[in-house]
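Descriptive analysis of the structure
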Amino acid sequence: MIFPDSSVGRVTTLPSDSPSGPVGTVEVVEFTLLGSPFMAISAGPHHEFNDAISFVVECADQAEVDMYWEALLEGGGTEVMCGWLRDRYGVSWQVVPRALGEMLAHPDREKAKRAGDAVLTMVKLDLATLEAAFHGDDG
């Protein structure tokens, strides 16, 4: 399991053929992620995963960013941009250092802009680079 206090609970399959899939196809998965309950419902081929829904993983430091990034890509995930990735199932995740939110909300809007502009140049977010941009360090 990638996240602590996480598990897959009940998995319900379709009792008969439907537009969502043939009998026996997974219909509902109840799961817990970091202690919070969730439910995923299959809509079959009619509604694919997309970026309208994503999970945000706020990380304490770069080591945590790196750990979750690699774990979520394992088995066929895809890097996207700006700290986003899609896991092997097509679910979108944003893996971000917690400090980024503070930078982007900072009252000095020029500092916030520099941090935001730096995000736009990255795939996996790099905290040291974000902090340097935020503080105006040319590197």
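Scroll up to find the structure.
For the structure given in this document, a descriptive report is provided here. (Residues numbered from 1 in each chain as written. Predicted model: local features only at pLDDT ≥ 70, side-chain atom pairs only at ≥ 80, totals over all residues. Heavy atoms only, no water.)

This next bit is on the pattern of salt bridges. All told, the structure shown has five salt bridges when counted by the stated rule. E30 is the partner of R10 in a salt bridge, and the nearest nitrogen-oxygen pair spans 3.0 Å. Taken as a pair, R10 in strand β1 (residues 7-13) and E30 in strand β2 (residues 26-33) lie far apart in primary sequence, 20 residues in all. Overall, E30 belongs to the partly exposed group, its relative accessible area being 24%. D66 is paired through a salt bridge with K124; the nearest N and O atoms lie 3.0 Å apart. With D66 in helix α1 (residues 62-73) and K124 in the loop between α3 (109-119) and α4 (127-135), this pair connects stretches of sequence that are 58 residues apart. On the basis of relative accessibility, which here comes to 29%, the residue K124 falls in the partly exposed class. (Salt bridge = Lys/Arg side-chain N within 4 Å of Asp/Glu carboxyl O. Helix = DSSP H or I, 4+ residues; strand = E, 2+ residues; numbered from the N terminus. Buried < 20%, exposed > 50% of the residue type's maximum accessible area, 1.4 Å probe, protein only.)

On the basis of which strands lie adjacent, the open sheet formed by four strands has the order β4-β7-β6-β5 and mixed pairing. The open sheet has two edge strands with one neighbour each: β4 (54-59) and β5 (78-79). Here two bridges tie β5 to strand β6 (residues 84-86), and the two strands are oriented antiparallel to one another. When the sheet's bridge partners are listed, E79 is paired in β6 with L85. Packed onto the sheet, α1 meets β4, β5, β6 and β7 (92-97) and runs at close to 165° relative to β7. (Pairing = 2+ DSSP bridges. Contact = heavy atoms within 4.5 Å. Axes fitted to C-alpha atoms, helices over the stretch in contact; angles between N-to-C directions.)

A separate point is the pairing of β7. Within β7, six of the six residues are buried, which leaves the element mostly enclosed by the surrounding structure. Relative to β7, β4 is paired through six bridges, and the arrangement is parallel. Note that in β7 the partner of E58 across the bridge is V96. Of the strand pairs in this sheet, β6 and β7 are connected by three bridges, and their pairing is antiparallel. Bridge pairing links W84 to Q94 in β7.

Before going further, it helps to spend a moment on the packing of aromatic side chains. Tallied over the full model, the rule gives five aromatic pairs. With centroids separated by 5.5 Å and ring planes inclined at 15°, the aromatic side chains of F31 and F38 adopt a geometry described as stacked. Exposure remark for F38: the relative accessible area of 33% places this residue in the partly exposed category. (Phe/Tyr/Trp six-rings, centres within 6.5 Å; stacked < 30°, edge-to-face > 60°.)

The next point concerns unusual backbone geometry. Even without being a glycine, D5 presents a positive backbone phi close to 55°. The residue D5 is located in the segment before β1 in this model. Judged by its relative accessible area of 57%, D5 is exposed. Despite not being glycine, C82 shows a phi value in the positive range, around 55°. Residue placement: C82 occurs in the loop between β5 and β6. Judged by relative accessible area, which is 22%, C82 ranks as partly exposed.

Below, the discussion takes up the packing of α3 against α4. Where α3 contacts α4, the axes come no closer than 7 Å and their chain directions differ by 145°. Viewed along their axes, α3 and α4 form a crossing whose handedness is right-handed. Residue-level contacts link K111, A112, R114, A115, A118 and V119 of α3 to L130, A133, F134 and H135 of α4. (Left-handed = near helix turned anticlockwise from the far one by under 90°.)

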